[in-house]
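# Coordinate analysis (summary)
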Amino acid sequence: MQDRIPILHMGSCLLVTIQVDMHDRLALQLQDDLTERISSTGAKGVLIDISSLEMVDSFIGRVLGNISSMARVLDAKTVVVGMQPAVAITLVELGLSLVGVSTALNVEKGMKLLANA
Amino acid sequence: MSSDLEIVPLLKLDLRTEPDIVTCRQHARQFAAGLGFDLQSQTRISTAVSEVARNAYQYAGGGDAEFQVESEYDGLHRFDQRRQALVIILRDQGPGIKDLATVLSGNYRSTTGMGVGLIGARRLMDAVEIDSSSAGTVITLRKNLPAKASRKTSDELKKLVVEQAPKPPSNDHIITEVQLQNQELLGVMEEVRARQEELTQLNKELEQTNSGVLALYDELETLHRVGLLLASKIDQRAVIQALIEATTDLTGAEFGTCYLRGGVQEDWTRYASAGPQQALLQCLPEIEHPDFFGPDFGSGALEHIPDHSIHAEPCCCSRFAKALFPGVTLRSCLTVPLVDSDLAVIGALVFGSAEPCIFSERSERIVASIAVQAAVAIDKARLYDSVKAASEAKDKFLAMISHELRTPLTPVLNIVSSLHQDASLPPTVREDMAVVLRNVQLEARLIDDLLDFHRIIKGNLSFARELVDVHAMIHNVMEICTSDATSFSHDLQLHLESSRHTVLGDPARLQQVLWNVLKNAIKFTPRGGRIIVRTGIQEPATLHISVTDNGRGIEPELLQGIFGAFEQGSVEGITQFGGLGLGLAITKAFIDKHEGSVMAHSLGRGHGTSINIHLPLAETEAPEVARAPAAPQSSVQQPSSLSILLIDDHTDTLWSLSRLLKRHGHTVTTASNCAEALEHSGQTVFDLIISDLGLPDGSGLDLIREIRKSRTTPAIALSGYGMESDVQKSTDAGFEAHLTKPIVFQSLLRTIAALTQAGTAA
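Residues numbered from 1 in each chain as written. Chains lettered and ligands numbered in written order. Predicted model: local features only at pLDDT ≥ 70, side-chain atom pairs only at ≥ 80, totals over all residues. Heavy atoms only, no water.

Chain B has the name histidine kinase in an unreviewed UniProt entry, where Brevifollis gellanilyticus is given as its organism. Its UniProt record gives chain B a comment under Catalytic activity (unreviewed entry), which states: "ATP + protein L-histidine = ADP + protein N-phospho-L-histidine." (UniProt positions renumbered as here; feature names shortened; annotations may be inferred.)

Identification of chain A as Anti-sigma factor antagonist from Brevifollis gellanilyticus is taken from an unreviewed UniProt entry.

Dropping the structure here:
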């Protein structure tokens, strides 16, 4: 089992593609790694691709929210892209709204959003 | 309506690790897919399972999940229309959900997810059953198969299980989990080790600080102790001895000694030494020349030579080492100057040891601090010594001058007293004589007070212990004071109400006490005042005598001091009222000697004064005869002509007494020393011998012993000392009577009469 989600550094952006069903600790690890990388690289944007995720439960939702808040404190903007429609619906039904997390349909729109910021 | 419920178990798995949650929700998704749920429902089911499984893992420490398919046959529907549901049962053995109602109402704030767990699951599934108790929680999630999905037969379901389950449970993730946990554990242990090291380091530091603090405390304690020691001594030698003992012990020196600089030559004198090797110092001279410690010693800094054998420079220590004597090796040496407040070096402390490096920085510091205190203490001791010497000199001078002043008064008193009574003189002269007599008496009284006071200070005032009738004594004193009281037009009242009035004491002293108090009342009360003397009994067995006047009174702030010497309330009193202000001081000393108490009460200036005396009552009553000595004995039958041998070395006293006796018709032979007296006594048989006790060539006691060998002539002793033991000595030697100087001529006459009449009677 993978114990790190890879983070790519592209220009002033950090790019994360979550391709596995993350267990909780892995999600927390990602949160730590990302904040660490933002501070070390001075990245201005974080793009998290969750198109491979078949499910976002409340824990992962909270981690995404945390990443977004922490990045904001470190002067970086976070965009979550590629959420599957079923996941989105379930999230809403579950009662999660992901307040403060910017979302975009796909990577391209997400990058644009970051570039405009 | 009856219905059959068929349950086909699909899978059971443990929820022990985080990845188990992931596996569980993945299974949920796969079963949902296999059962024909659409993608949206699959996501819902797996999300709901994830939420509940996480709760079981997070809050209950793990449990298990069971997947089933529930089929209901109600006989009404066709087989492919019967109700079929995917059921996931999640169990844990945790403590149960504490506030289930709160959780379900949505008011509970989760610390893990976003507070949606159970409620979210309820929204995502068709039915959620919760059975929670203290033994654990069972949550059953149920999702009905969609209507369009085909119902599965048992066989189909089993196939589904085989499709999914055959994967043997992979241990990979468990191993990874264990590895992860191991790594985490190692990390934590590393951190714990680092913390422990930090703690040990901190502990070590703390210990060092602690021992430092303890050492400081010890130092303070020592300084405090030595300070107290120094403060408690005022004698210079005692101060120095205490000082050197304390410091030598403290420094661990083999010997320590103290030199003081003084005298005209500014020599160094060795005062005291201490330590196990102090005997070494015996070989040193007591006094060293002024430069013994070198010219630089005055700078005030201490000198410490850790090892004299490798220290070549000449210094105080080397001088000391040289002085000590060649046989003794002195290696460690510490010399501390004692500097007084004027920055003059008044002494030095020297510590030495045959071992090198004995004195630590701490010893240096402590000894330096002590030296400062010691200098003050020595300064104080010197001051005390000089003050004491001055005070002693003053006392001695006072005693001497009083005595010298008193002696010439005796003949004056005698002569004036006799002239005053001499009927042959013209009345004007006798009146003048009365004035002279009164004033000479007053002066004699003042000097007697001084002498008494001096004796009180010296502590050599002793008292007779006789039964004294205080009432009788008060009458006597009243008689003596009547003329004064009359001249002031005072109203003198007696309220002697005590049923018992005998005390054990010295009659002469007690009379003086009463006389002093009454005299003061008369003196300090304006003309026409009222003075009341009362007696009464107070428990337990105490005689209370009060003398109350309505005179000038005493300010409250001065009340305390009036029993001190030379106090008269205020300065103006001295000039206005005369006297030395010794009366009450003497009164208090006498009363104290009688184990009584005397107190003054006054409501303030102008409100009169009350002096209250308390004396312990004697157990037996005084016999009638034991009246106070000055009791008037009226109509003494004076013997006519006696042949008297009078011996006194004071020429004027001898002359005046002789003259007075002659005036009373006696024949007087005088002698001024023993030899002369013996000569007279050998030649003539006298009717009476009157002799002073202190004679230039012997004592009156020896004289009377000598005379008693051949004569039984009655003899009267005249002495400056009137204690019981003195009287006893006189009687033992052979005197029939003992009179204490100053001699009141009237009492001498009475004694003469008593002796000679007794002689005639016998």
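Next, the rest of the story.
Take the overall build of chain A next. A count of helices and strands for chain A gives 4 helices and 5 strands. Considering chain A as a whole, with its 117 residues, one finds that 50% of them fall into the buried category. Across chain A, contacts joining residues at least 24 apart in sequence account for 71% of those joining residues at least 6 apart. A total accessible area of about 5200 Å² is found for chain A, and carbon and sulfur atoms account for 54% of it. (Helix = DSSP H or I, 4+ residues; strand = E, 2+ residues; numbered from the N terminus. Buried < 20%, exposed > 50% of the residue type's maximum accessible area, 1.4 Å probe, protein only. Contact = heavy atoms within 4.5 Å. Areas by Shrake-Rupley, 256 points an atom, 1.4 Å probe, with all protein chains shown as cover.)

The next thing to look at is the interface of chain B and chain A. Facing the 30 residues of chain B at the interface are 24 residues of chain A. Between chain B and chain A we count 7 salt bridges in total. B:Arg29 is the salt-bridge partner of A:Glu54, the closest N and O atoms lying 3.4 Å from each other. Counting the contacts that link chain B with chain A gives 16 residue pairs in polar contact (both at pLDDT 80 or more). When contributions to the side of chain B that touches chain A are tallied by element, the ones reaching two or more residues are α1 (18-34), α2 (39-60), α4 (117-124) and α6 (172-232) of chain B. The biggest single contributor to the side of chain B that touches chain A is α2(B), with 10 residues. Among the residues forming the side of chain B that touches chain A, the class breakdown is 8 nonpolar, 13 polar and 9 charged. (Salt bridge = Lys/Arg side-chain N within 4 Å of Asp/Glu carboxyl O. Polar contact = N/O pair within 3.5 Å; in protein donor to acceptor, adjacent residues only side chain to side chain. Nonpolar A, V, L, I, M, F, W, Y, C, P; charged D, E, K, R; others polar.)

All names here are of chain B. Across the sheet, 5 strands lie side by side as β13-β15-β16-β18-β17; this open sheet has mixed pairing. Each edge of the open sheet is held by one strand with a lone partner, namely β13 (491-496) and β17 (597-602). Neighbouring strand axes in the sheet, compared pairwise and without regard to direction, differ in orientation by 15° on average. On top of the sheet, helix α12 (residues 507-523) reaches β15 (530-538), β16 (542-549) and β18 (609-616); it is set at about 25° to β16, its chief contact. (Pairing = 2+ DSSP bridges. Axes fitted to C-alpha atoms, helices over the stretch in contact; angles between N-to-C directions.)

We now examine the pairing of β16(B). All names here are of chain B. When you tally the buried positions in β16, you get 7 out of 8 residues, the bulk of the element. Between β15 and β16, which pair antiparallel and follow one another directly, the connecting turn spans 3 residues, one of which, alanine 541, has a positive phi of 45°. When β16 meets β18, the two strands line up antiparallel, connected through 7 bridges. By the bridge assignment for β18, threonine 542 is matched with proline 616.

Residues and elements named next belong to chain B. Following the criterion strictly, the structure yields 25 salt bridges over all chains and no others. Between glutamate 129 and arginine 142 there is a salt bridge, with the nearest N and O atoms lying 2.7 Å from each other. Of this pair, glutamate 129 sits in strand β4 (residues 127-133) while arginine 142 sits in strand β5 (residues 136-144), placing them 13 residues apart in sequence. Assessed through its relative accessible area of 40%, glutamate 129 is described here as partly exposed. Overall, arginine 142 belongs to the buried group, its relative accessible area being 13%.

A separate point is the UniProt feature "modified residue: 4-aspartylphosphate" (unreviewed entry) in chain B. Residues and elements named next belong to chain B. Feature annotation in UniProt assigns "modified residue: 4-aspartylphosphate" (unreviewed entry) to the following positions: Asp692. Structurally, aspartate 692 can be placed in strand β21 (residues 688-692). Among residues more than four places away in sequence, those in contact with aspartate 692 are Ile647, Asp648, Asp649, Gly700, Leu718 and Lys741.

Another aspect to go through is the sheet that holds strand β24 (residues 715-719) of chain B. Residues and elements named next belong to chain B. If you trace the 5 strands from one edge of the open sheet to the other, you get β20-β19-β21-β24-β25, paired in parallel fashion. Both outer strands of the open sheet, β20 (667-671) and β25 (737-740), are each paired with one neighbouring strand and no more. The average angle at which neighbouring strand axes cross in this sheet is 20°, direction not considered. Of the strands in this sheet, β19 (643-647) and β20 touch helix α17 (residues 674-683), which is tilted by about 140° from β20.

Moving on, we come to helix α7 (residues 236-251) of chain B. For an α-helix, the turn length of 3.6 residues means that residues three or four places apart are oriented alike. For α7(B), spanning 16 residues, the distance from its first C-alpha to its last is 22 Å, which sits close to the expected 22 Å at 1.5 Å a residue. Looking at the residues trailing α7(B), positive phi occurs at B:Gly252, about 75°. (Expected span 1.5 Å × (residues − 1).)

In this section: the packing of aromatic side chains. Residue and element names in this part refer to chain B. In the structure shown here, the tally under the stated rule is 1 aromatic pair over all chains. Seen in terms of ring centroids, phenylalanine 31 and phenylalanine 67 are 5.4 Å apart; in terms of plane orientation they differ by 40°. Their pairing is tilted. A residue pair is termed long-range when its members are at least 10 positions apart, and phenylalanine 31 in helix α1 and phenylalanine 67 in strand β2 (residues 63-73) qualify at 36 residues. Judged by its relative accessible area of 0%, phenylalanine 67 falls in the buried class. (Phe/Tyr/Trp six-rings, centres within 6.5 Å; stacked < 30°, edge-to-face > 60°.)

Another point: the nonpolar core. By size, the foremost hydrophobic cluster in this structure holds 69 residues, and its most contacted members are A:Ile48, B:Phe67 and B:Leu141. Ranked by the residues each element gives to this core, the list is headed by α2(B), at 7 residues. Ignoring anything within four residues of it in the chain, the contact list for B:Leu141 reads B:Ala48, B:Val49, B:Val52, B:Leu86, B:Val87, B:Ile88, B:Leu90, B:Ala121, B:Met125, B:Ala127 and B:Val128. Within the second largest apolar cluster, 41 residues are counted, among which are B:Phe453, B:Ala521, B:Ala585 and B:Phe590. (Core = buried A, V, L, I, M, F, W, Y, C linked by side-chain atoms within 4.5 Å.)

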